[in-house]
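Next come the chains, spelled out residue by residue.
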Amino acid sequence: MLQIFDINTNSKNLGEVEQLKESFKMYLAPTVHNATIVIVSNFPSVGNMTGHIDYIFFIVVHKQGGSLRIKRNGMNYNIDSLVFLNKKILDNDVCNANNQYLYGNDSEFDYVNSIKINNSEFQEFCSFYTSIKSSMCYQFSTINHIQFTSPQLLINKDLTAKYIIESAANQYIDKYGGKYRINAFEKTYSEALNHEILLKLLKNIINETNKKFTNGILTKRKLDRISTSNKIVDNIYDNVGKSLTVIKGKAGTGKTLTLLRIMYKQAESNQKVRFLTFNNLLIFDIKQSLRNFGFYGDPKVSLRTVHRFFYELSEKLGIRLILNNERIKELLEVCGQRIYKLKNHFYDYFHKNYFLNTTEFLTSLPHKLRNEADYQEFREFVKFLDGQKDFSNFDNITNLYLAKKRSILLSNVGTNSFIQDYYKYLENIYMAISDSSKFYDEFDIKNRYDLLSVLYKTDIYFEGSDIIPFENFLMQVKSLKRSTNWSKLLVIDESQDFHVYEKEILYHLRGPENIVVATGGKEQLIRHSKLLDWAVSFGKKVPHLPFNLSGGSYRQKQNIVNFVNTFSRSYEIDLNLKSISESKGLGKIIIDTRIKSTFINEDIAVQLKNSGEVNGCSAYESVLFLIPSKNYTRKNK
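Keep in mind that this is a model prediction, so the values were computed, not measured.

Rules used in this analysis
- Residues numbered from 1 in each chain as written.
- Predicted model: local features only at pLDDT ≥ 70, side-chain atom pairs only at ≥ 80, totals over all residues.
- Heavy atoms only, no water.
- Helix = DSSP H or I, 4+ residues; strand = E, 2+ residues; numbered from the N terminus.
- Areas by Shrake-Rupley, 256 points an atom, 1.4 Å probe, with all protein chains shown as cover.
- Phe/Tyr/Trp six-rings, centres within 6.5 Å; stacked < 30°, edge-to-face > 60°.
- Lys NZ or Arg CZ within 6 Å of the ring centre and 35° of its normal.
- Axes fitted to C-alpha atoms, helices over the stretch in contact; angles between N-to-C directions.
- Parallel < 35°, antiparallel > 145°, perpendicular 65-115°, else oblique.
- Left-handed = near helix turned anticlockwise from the far one by under 90°.
- Contact = heavy atoms within 4.5 Å.
- Nonpolar A, V, L, I, M, F, W, Y, C, P; charged D, E, K, R; others polar.
- Pairing = 2+ DSSP bridges.
- Core = buried A, V, L, I, M, F, W, Y, C linked by side-chain atoms within 4.5 Å.
- Buried < 20%, exposed > 50% of the residue type's maximum accessible area, 1.4 Å probe, protein only.
- Salt bridge = Lys/Arg side-chain N within 4 Å of Asp/Glu carboxyl O.

*Asks:* Tell me about the overall build of the chain, and please be specific about residues and values.
*Replies:* Helix and strand counts for the chain stand at 24 helices and 20 strands. For the chain, the exposed area adds up to about 33,700 Å²; of that, 51% sits on carbon and sulfur atoms.

Dropping the structure here:
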């Protein structure tokens, strides 16, 4: 029996849901007679999941329920179950698309990568209940007279059962392969899967979601403040596109709130906005706020940490590959020079011995080879010799050792080099976008075909060539500029801590007139000792409009304000903070000096949670732990 359930349908999408039901009946009727399809409308923004989803389709073909197949590369795949997400977006700027990017007039958006993030976060949320392998598509509507269909994108096209099943199945095969069967659920769960179990799963997810993420009193108050405009916000918004906007204020005076109001106003006007900050916790908190407005997960709004943003730029330009390759080359040269010192001793030893004794080889080293730096490398090399059978050629063995060393360095250097050489990365990103010909020559891009041809798509545009032409590199730079242009407005928090190259890269990509920055001044410096002047670019004044925020603190109650003022004055910093009137009550400061077996004593966490509940706060509002980055976290294997 074919059973189709719809959940959370409302008057606005009732007609579309009924059409989808009929579409599934017609598509499945020839081959499937026992299946369950659940259509969930307006799936709530949950957990760490990337925003509101318009439809989720759960499709399950039961045992002895007939066959649902898709043919791919000459092979038939039997479909047991599929999970497919659909997000609808109205965007009148879209004018073209391909299988990777959406294009505006002078911008582009990597929708494939965005869908990858959506799927990952949805699957992470569902992992509490069961393992799910989901697929997804964006469905864009635009006033432009274009139509487009790809496995992950529809433009001005209707959603149908045929598209959903074929798109989900093809995405599954591309990502997971599979031996002729497609199953979106973990095996042990899917073997017992029927419509009752499936509906129970969805009921648990939705109930837990609603219970866990009900807005508390603080969140409701914050949402009201974000959605309520004021004169400063209106003036800032009117200045966008005219000159740089600089918001100044002490800690807690509402700089981030003002930025959120600007973002809200931009998204409400169906305009795109990007937000950058250094603080991961702040990004998480803003996600929570945007979910409540239905904006998070929408391509109109992009949230990134500063480091993540510049890392993505370095990836797209190939700088990470280039610098990693250069660093590995330097390390292998040093390594090779050290090992070469062993050459004479190597031949002397194996002239006298027919087999390797590791300890004897090391103890017989001449005294001049016993310096500590080289000796550690010698020990690694001798361990490598243990696995070799032919000791007749030192150079061949050394090359094998360096090849193994290279594979080890590839993973370690790739992980660490971006942070270790961060400012070098910034300098080269700026050179690549501001003086592309210099970058092309300095890094010999032309002769790096083996390293960069895939990234720069050289085979697509210059088939048969074994070099990378400058025009091809320039296309990559232009593509990067178009992708940053997708967001019309750039909003930056904690701008006092930016480096000059970070600022200049953003100026070059977006122009100061499309940027709004918030700065806390020298009192809030963390990364650097010198305050960055956003009103100057390489010695020239940048037209800008300053806005000074004054008054009390939004985030602190009076007792906490008194504590902070007293503490800061002891370091000769006069913050002169005040608490705003709506932060009623004195508040409480707890300084727990007891020895802790864990990060925090359990009774304190319970006390905070209970106090929050009494005052109408959600768990999210009541308890937030900021854990040190070192020694307090571990990876679970």
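*Asks:* Describe the packing of aromatic side chains, naming the residues involved and giving the relevant values.
*Replies:* Counted according to the given criterion, the structure contains 36 aromatic pairs. Ring geometry for Phe350 versus Phe361: centroids 6.4 Å apart, planes at 35 degrees, classification tilted. Placement of the pair is Phe350 in helix α12 (residues 343–352) and Phe361 in helix α13 (residues 358–363), with a sequence separation of eleven residues. The ring centre of Tyr176 lies 5.4 Å from the NZ or CZ of Lys133, which sits over that ring. Sitting above the plane of the Trp486 ring, Lys272 keeps its charged end 4.5 Å from the centroid.

*Asks:* Describe the packing of helix α7 (residues 231–239) against helix α8 (residues 255–268), naming the residues involved and giving the relevant values.
*Replies:* Two measures define how a pair of helices packs: the angle their axes make with one another and the distance between the axes. Where α7 contacts α8, the two axes come as close as 10 Å, and the packing angle between them is 60 degrees. Judged on the interaxial angle alone, α8 and α7 are oblique. The way α7 lies across α8 gives a crossing that is right-handed. Across the interface between the two elements, Val233, Asp234, Ile236 and Tyr237 from α7 touch Thr258, Arg261, Ile262, Lys265 and Gln266 from α8. In terms of residue class, the contact of α7 with α8 is made up of four nonpolar, two polar and three charged.

*Asks:* Run through the sheet that holds strand β17 (residues 515–519), naming residues and quoting values.
*Replies:* Read across the sheet, six strands follow the order β15-β14-β16-β17-β13-β20 without closing on themselves; strand pairing throughout is parallel. Bordering the open sheet on either side are β15 (301–305) and β20 (544–548), each of which pairs with just one other strand. When strand polarity is set aside, the average angle formed by the axes of neighbouring strands in this sheet is 15 degrees. For strand β14 (residues 273–277) and strand β16 (residues 489–492), the ladder comprises four bridges, and the chain directions are parallel. Each bridged residue has a counterpart across the sheet, and for Val273 the counterpart in β16 is Leu489. Its contacts with the sheet place helix α21 (residues 500–510) against β13 (244–248), β14, β16 and β17, and it is angled at close to 165 degrees to β16.

*Asks:* So what's going on with the nonpolar core? Residues and values would help.
*Replies:* Of all hydrophobic cores here, the largest spans 44 residues; its most connected members are Phe310, Phe439, Ile445, Ile492, Ile505, Leu506 and Trp534. With eight residues, helix α16 (residues 422–434) is the largest single contributor of residues to this core. Those residues in contact with Ile445 that lie beyond four places of it in its chain are Ile322, Phe439, Tyr440, Leu452, Tyr456, Ile468 and Phe473.

*Asks:* Tell me about the pattern of salt bridges, and name the residues and values.
*Replies:* If you walk through the whole model with that rule in mind, you get 25 salt bridges. Measuring nitrogen to oxygen at the nearest pair gives 3.2 Å for the salt bridge that ties Glu312 to Arg308. In this pair, Glu312 and Arg308 both sit in helix α10 (residues 306–317), four residues apart, roughly one turn of the helix. Bridged by salt links that share partners, the residues Arg338, Lys341, Asp374, Glu377 and Lys405 form one connected network.

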